[in-house]
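# Analysis of the macromolecular model
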2 protein chains.
Amino acid sequence: MATIRDVAKRAGVSVATVSRVLNQNGYVNEETEKRVRRAMKELNYKPSEVARALFKKTSKTVGLIVPDITNPFFPELVRAVEDVMNIYDYTVILCNSDEKAEKEREYIEVLKQKYVDGVILTTNQLTPDEVDEWDVPIVVLDRPFNEKYPSVVVDNYRGARLATRHLYDMGCRRIAHIQGPMYVVNAVERFRGYQDEMMELGIWEQRLVIQGNYQLKQAKEAVMAALAQQEIDGIFAGNDAMAVGALKAVQQCGLRVPDDIAIIGYDGIPLTEMTTPELSTVSQPIYDMGAIAARILIKQIEGKPLEKLHYQLPVQLIVRQSTSRREQM
Amino acid sequence: MATIRDVAKRAGVSVATVSRVLNQNGYVNEETEKRVRRAMKELNYKPSEVARALFKKTSKTVGLIVPDITNPFFPELVRAVEDVMNIYDYTVILCNSDEKAEKEREYIEVLKQKYVDGVILTTNQLTPDEVDEWDVPIVVLDRPFNEKYPSVVVDNYRGARLATRHLYDMGCRRIAHIQGPMYVVNAVERFRGYQDEMMELGIWEQRLVIQGNYQLKQAKEAVMAALAQQEIDGIFAGNDAMAVGALKAVQQCGLRVPDDIAIIGYDGIPLTEMTTPELSTVSQPIYDMGAIAARILIKQIEGKPLEKLHYQLPVQLIVRQSTSRREQM
DNA sequence: TCACTTTATGTAACCGGTTACACAAAGTAT
DNA sequence: ATACTTTGTGTAACCGGTTACATAAAGTGA
């Protein structure tokens, strides 16, 4: 690999001049620049990002910490971040934290050692105090965390109310909710939305709440158990994977969706269009969330002012077959 | 951030000694080492990976180029690579190539500038000649590419024969194949397997081949069109997404799966368990593929000998409801 | 013509590690 | 006692960029 000194020698100039050509700053004679560019081309010279990073303490690299890329909500988010970063010549280091504080800590440490310019966090088990010490630009994505840090989230509470209300409008009166894990803020918000809406409708009952962990399988079993014990005519699942679990449970019990039990999920992952019947869901603008988070991070890195610190994107109720009693059959 | 010189000063030694402690090489007196370690702890010193990378020309970072993380086949693969790399203290830069040669080239260029230690390629539109010039360790994953480079693939040909034969055994005689894009080697192999098996069974017919592009939607439409024109009693889809498309098309035509038409996919992504009926498929050991590729890459990077250059992992026929005529109903 | 600005380029220090080499003290074999 | 090896540590060059500072020629205004 050719270095800047090789280029300098070949062009008959000093390394400073080559550097000026590279960075387009300082004064460089037109003729000289041409000679330098020719030398660069002839040697197929590409500057070392590492040498640059060492001096500038910035690496054109960002970290992206997700709980688990295998969770179908995240690929689209990751893709969006990657796309935007790519446009601005940043590179993305992907980290799976499994929601473990220890893994998050380790990753942050490593990322800092590699001089990443910023980090997008879609998971967080750490305290704000701990995060304060990182002195790296941070954007919080999907999970509300702390006032201080820029964030991109959706209105989980409102979405949950929308979903619950929709089931009610479809004629459901005994609406169960499969709750996500309570250590995930979003799951709590969705539960709150469900609870408030149910209370307002005067049909709230504690036992309609089913404990889930965001996984299909566990949700399926939990719903099977619930169906055996009580009457239910609608299910609002805390995410789409659990909605599929519910769907399977209901079908396995010989009941029909949506005729006997209507089901609605949350997230709007592609999967919801693949089931039979197709699943209604509260759709989040996943790609946009990732893209906006990436843009905000870049602004922060480049020291530009943010118009807004906290972005809350709208959710959208998507009605499909699993809650459409009229149109279907 | 404290530097090695700060540590040296505080411990009252030279930077060389600190470096020796860090890397556990050379002679260091026990007492001295203790002092150095104390100083490191007190200053919360973490060595700069960037400075190291500059000198050593190695960065404890690898590149992973996939066509599109949004394609449900890849998250598990990516996760496996990340998990293994994490164990060995490597970090993973994720790149989406969209199967475009130009993007692949750009990424490789950037990765080299960042001194990545190796690259895992799950896509490739480039010629071996071009790849030869990279002088970075490469492992080819999922897509067979060139004899020279270590690879991890599955036997697509055999899997396709298995699937076709399975449909035949289930009583299907007019077995259609939804073909993936012909610029993807795997799709060609799967087609070949289908074709050879059909010929051997004496039921091959050119018009049973349906052109797909690995996408659900397009496959659904193609199958709708095919169903209108000819009789079909079994469908072997080139991947699981297209199998779901086929499933939807068949159901939309008012036909039953598997009774009227049996369907089998390829890949074994989680999605296949979420449909109703659940999809039979030829399952690839996705996680293992990623994990093995990662291990091979690390061996190469660390200059250890590979026991084997090419790994071909077994596929497994998974029979579910979409091809089970007896058990069901 | 003189002082000052603009243009153009080079020299060398610096970023934060690693390591070749030098040097000295202590241990060991003869 | 001498020669040689082992242990322990420091100095300084190096990796490949960037940039502060120095220098000088050319241009500009009074």
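As a reminder, the structure under discussion sits directly above these lines.
Here the structure is a predicted model, which is why all the values come from computation and not from measurement.

### Comments concerning the pairing of strand S3 (residues 118-121) of chain B
Residue and element names in this part refer to chain B.
- Residues Gly118 and Ile120 of S3 are buried on one face, and the alternating residues Val119 and Leu121, pointing to the opposite face, are buried as well.
- Examined bridge by bridge, strand S1 (residues 61-66) and S3 share 4 bridges and lie parallel to one another. What sits directly across from Val62, in S3, is Gly118.
- Bridge analysis of S3 against strand S4 (residues 138-141) gives 3 bridges, and the strand direction is parallel. The partner of Ile120 across the bridge, within S4, is Val139.

### Digging into helix H10 (residues 216-229) of chain A
Residues and elements named next belong to chain A.
- The end-to-end C-alpha distance of H10 is 20 Å, a good match for the 20 Å that 14 residues give at a rise of 1.5 Å each.
- Within H10, the full set of buried residues consists of Leu216, Ala219, Lys220, Ala222, Val223, Ala226 and Leu227.
- In the core, the buried residues of H10 are packed alongside strand S6 (175-179), strand S7 (209-211), strand S8 (234-237) and helix H11 (240-252).

### Concerning the pairing of strand S9 (residues 262-267) of chain A
Residue and element names in this part refer to chain A.
- Counting buried residues along S9, 6 of its 6 residues qualify, which places the element largely inside the surrounding structure.
- Residue alternation in S9 divides its side chains into two sets, Ala262, Ile264 and Tyr266 and Ile263, Gly265 and Asp267, and both sets are buried.
- As for the winding sense of the linkage, the β-α-β connection from S8 through H11 to S9 is right-handed.
- Bridge count for S9 against strand S10 (residues 280-283) is 4 bridges, and the pairing is parallel. Counted as the bridge partner of Gly265 is Thr281 from S10.

### Observations regarding the side chain of Arg79 of chain A
- Examined against the element boundaries, Arg79 of chain A turns out to sit in helix H5 (residues 74-87).
- Assessed through its relative accessible area of 9%, Arg79 of chain A is described here as buried.
- Within polar-contact distance, the side chain of Arg79 of chain A engages the side chain of Asp68 of chain B at 3.0 Å.
- In this structure the side chain of Arg79 of chain A is engaged in a polar contact, spanning 2.7 Å, whose partner is the side chain of Asp98 of chain B.
- If near-sequence neighbours (up to four positions away) are discounted, Arg79 of chain A is found in contact with Tyr287 of chain A together with Pro67, Asp68, Ile69, Thr70, Asn96, Asp98 and Lys103 of chain B.

### Overview of empty space enclosed by the protein
- Following the criterion strictly, the structure yields 2 cavities of 30 Å³ or more and no others.
- Computed from the structure, the largest cavity encloses a volume of approximately 210 Å³.
- Among the secondary structure elements, those contributing two or more residues to the lining of the largest cavity are helix H4 (49-56) of chain A together with helix H4 (49-56) of chain B.
- In terms of residue class, the lining of the largest cavity is made up of 7 nonpolar, 4 polar and 4 charged.
- Here the second largest cavity is characterised by a volume of approximately 110 Å³.

About the criteria used
- Residues numbered from 1 in each chain as written.
- Chains lettered and ligands numbered in written order.
- Predicted model: local features only at pLDDT ≥ 70, side-chain atom pairs only at ≥ 80, totals over all residues.
- Heavy atoms only, no water.
- Buried < 20%, exposed > 50% of the residue type's maximum accessible area, 1.4 Å probe, protein only.
- Helix = DSSP H or I, 4+ residues; strand = E, 2+ residues; numbered from the N terminus.
- Pairing = 2+ DSSP bridges.
- Expected span 1.5 Å × (residues − 1).
- Contact = heavy atoms within 4.5 Å.
- Right-handed = clockwise from strand over helix to strand, strands pointing away.
- Polar contact = N/O pair within 3.5 Å; in protein donor to acceptor, adjacent residues only side chain to side chain.
- 1 Å grid on protein atoms, 1.4 Å probe; cavity = no way out; pocket = protein on both sides within 12 Å on 5 of 7 lines; lining within 4 Å.
- Points joined across faces, edges and corners; volume = space filled by probe spheres on them.
- Nonpolar A, V, L, I, M, F, W, Y, C, P; charged D, E, K, R; others polar.

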